[in-house]
Amino acid sequence: MKYTGVNNMVRFIKDHGIETVITELAQYLEHDFKRWEEFDKTPRYASHSKGGVIELMPTSDGQQFGFKYVNGHPGNYKKDLQTVIAFGVLSEVETGYPILFSEMTIATALRTAAMSALVAKYLAKEGSKTMAMIGNGCQAEFQAHAFRALLGIDELRLYDIDKSVSEKMVKNLETHGFNMSICNSSQEAVKRADIITTCTADKKNATILSDNMVGAGVHINAIGGDCPGKTELHADILSRAKVFVEYEEQSRIEGEIQQMPEDFEVTELWQIFSGEKQGRALESDITVFDSVGFAVEDFSILRYLNDKIDSTDYYEELDLFGTLDDSRNLFGLLT
Ligand code: NAD
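The model shown is predicted, which means the values in this text are computed figures rather than measured ones. (Residues numbered from 1 in each chain as written. Predicted model: local features only at pLDDT ≥ 70, side-chain atom pairs only at ≥ 80, totals over all residues. Heavy atoms only, no water.)

Here we look at the site of the ligand
Selection criterion: Only a single heavy atom is needed: when it lies within 4 Å of a molecule or strand, its residue is near that molecule or strand. Definition of a polar contact: a pair of N or O atoms within 3.5 Å, with one able to donate and the other able to accept a hydrogen when the atoms are protein atoms, and with sequence-neighbouring residues admitted only if both atoms are side-chain atoms. Note that accessible areas follow from Shrake-Rupley with a 1.4 Å probe, and for residues the cover is restricted to the protein chains shown. The helix count covers DSSP runs of H or I at least four residues long, the strand count covers runs of E at least two residues long, and both are numbered beginning at the N terminus. Under the grouping applied here, Gly and all other residues not named as nonpolar or charged are polar, the nonpolar ones being Ala, Val, Leu, Ile, Met, Phe, Trp, Tyr, Cys and Pro and the charged ones Asp, Glu, Lys and Arg.
In the neighbourhood of the ligand, 25 residues make up the surrounding shell, with Thr-83, Asp-160, Asp-226, Lys-230 and Ser-291 lying closest. One of the backbone N or O atoms of Cys-138 is found 2.9 Å from an oxygen atom in the ligand. Here an oxygen atom of the ligand sits 2.9 Å away from a polar atom, N or O, in the side chain of Asp-226. Within the complex, 88% of the 860 Å² of free accessible area of the ligand lies under protein. By residue number, the principal contributor to the shell around the ligand is helix H3 (residues 105-123), which donates 3 residues. Along the lines of polarity and charge, the residues of the shell around the ligand split into 11 nonpolar, 10 polar and 4 charged.

Examining the layout of surface pockets
Convention followed: Cavity means a closed set of points on a 1 Å grid over the protein atoms alone, one where a 1.4 Å probe fits but cannot get out, pocket means an open set with protein on both sides within 12 Å along at least 5 of 7 lines, and lining means a residue has an atom within 4 Å of a point. Grid points are joined across faces, edges and corners, and a volume is the space filled by probe spheres set on the points.
In this structure, the second largest pocket spans a volume of roughly 150 Å³. Ser-239, Ala-241, Lys-242, Val-243, Phe-244, Phe-264, Glu-265, Val-266, Thr-267, Lys-277, Gln-278 and Gly-279 together form the lining of the second largest pocket. Sorting elements by how many residues they give to the lining of the second largest pocket places strand S14 (residues 242-245) first, with 3 residues. Looking at the lining of the second largest pocket residue by residue, the classes come out as 5 nonpolar, 4 polar and 3 charged.

Now the structure itself:
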């Protein structure tokens, strides 16, 4: 079985270029969402505790099976630990044998960013140039690269309650050709923004965006609200917007729309990717991608990695299970 840890993942991304990886990955995501019917789908298993959540995200297309283990602990930074860490496995359905075991902390940031930008390609108004980014932690630079790779957006207006985190983002990207400004409030950040990305971590219903901050024509990429009791947008924004979700059953539990009545209308992304439903109809529409992260996105990146690293040195062989001389003699390994 192939094993790709953090070092090999970093090497793979650096060698290929992050925007190339995101662009290729977006094609896998689009392809997989277009064949939505082929996937087993279930809301993820979530084990909640006071400090956060641990989740398992499985799916299969009948040929391959994938799952991800991921946590979300907003207070971890106080212990110098990351909010989100993850790993995942891809298996062959025919034999049940795992073929890839991968780190997925970086992979999650990549697939979340690629998905956000892919969705914005369908939903943001033509000629969008400027993005406000509220919450500049671990996901933020990946989002910035994805929006430039897929939409050509390089003007970023940053805001984080901790200014040193915005400064970290500027430092990380200063040689990458972005035009970035650090703002003193989220109100200042959203001024003149065509797209607003909210990417904050807090285990509560927060109002990162209030209704008066969102003008006509804006596309909102809401990433941070992804658990029961954890949202970022005021419900009034959702009421006057067109809202798009990955998988409705899971998003009703975890997404911004947990604030809305059960019959509140949403569109699943596969429907717009396949052309079955319309995305933005008018330049003045407010569109919201209520992102929570769904198992098919993790499946797509595992599938992408498995294809790309095959017969390369971006993985090691892992002896997670033995090779037996006699397939019915497990005990023979001990003798
Ligand atoms: P992080 O802890 O590295 O960064 C979060 C940042 O938000 C911090 O810098 C914090 O200071 C800032 N913040 C908190 N409250 C704020 C506020 N009111 N205004 C402005 N900034 C604020 O976390 P991360 O790894 O970047 O993840 C961010 C969020 O995205 C988390 O909630 C995580 O669960 C979620 N997430 C979602 C997906 C998805 O698929 N939708 C994928 C990965 C992560």
